[in-house]
Amino acid sequence: QVQLEESGGGLVQAGGSLRLSCAASGRTFITYHMGWFRQAPGKEREFVAAISRSGGNTDYADSVQGRFTISRDNAKNTVHLQMNSLKPEDTAVYYCAAGITTTTYSYWGQGTQVTVSS
């Protein structure tokens, strides 16, 4: 089992940047694929980005491709989401997730709010 805690959210103007972090507990972090998801008010939770166990493979939603970068540090049990060129439509609660496969995530953090003002 793994516990996840996000940080780094906040209020930023359009065009600005934020870096989200997710700290994972436990010694099995490297066995999990990691992902970031987000949920805007009144909308379904949606996939944002994912990274493989080794960090060698990444995947992004079309809406963030080229603006967001996911990375992980297996020595520190952390995963990051660097968000650049933020847009008001990026406003959401962002969740970190861990899964045994790239499509099934079993563990979730509590989320961190990102608000982008126009």
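Please read these numbers as outputs of a predicted model, since none were measured by experiment.

> Give me the lowdown on the packing of aromatic side chains, citing residues and values where you can.
For the structure on display, the rule yields five aromatic pairs. With centroids separated by 5.8 Å and ring planes inclined at 90 degrees, the aromatic side chains of Tyr 32 and Tyr 107 adopt a geometry described as edge-to-face. Remark: Tyr 107 occurs in strand 10 (residues 107-108) and Tyr 32 occurs in the loop between strand 3 (18-24) and strand 4 (33-39); sequence separation between them is 75 residues. On the basis of relative accessibility, which here comes to 7%, the residue Tyr 32 falls in the buried class. Between the aromatic rings of Phe 37 and Tyr 105, the centroid separation amounts to 5.1 Å while the plane-to-plane angle is 75 degrees, which identifies the pairing as edge-to-face. With a gap of 68 residues between them, Phe 37 in strand 4 and Tyr 105 in the loop between strand 9 (92-99) and strand 10 connect regions that are remote in the sequence. Clustering of aromatic rings is evident, with ring pairs tying together Phe 37, Phe 47, Tyr 105 and Trp 108.

> I'd like to hear about the state of the cysteines, residue by residue, with values.
Per the stated rule, a full pass over the model turns up one disulfide. Between the sulfur atoms of Cys 22 and its disulfide mate Cys 96 the distance is 2.1 Å. One disulfide, between Cys 22 and Cys 96, carries an S-S torsion of -80 degrees and so falls in the left-handed class. Separated by 74 residues along the polypeptide, Cys 22 in strand 3 and Cys 96 in strand 9 bring together distant segments of the chain. Cys 22 gets classed as buried once you look at its relative accessible area, which sits at 0%.

What counts and what doesn't
Residues numbered from 1 in each chain as written. Predicted model: local features only at pLDDT ≥ 70, side-chain atom pairs only at ≥ 80, totals over all residues. Heavy atoms only, no water. Phe/Tyr/Trp six-rings, centres within 6.5 Å; stacked < 30°, edge-to-face > 60°. Helix = DSSP H or I, 4+ residues; strand = E, 2+ residues; numbered from the N terminus. Buried < 20%, exposed > 50% of the residue type's maximum accessible area, 1.4 Å probe, protein only. Disulfide = S-S within 2.5 Å.

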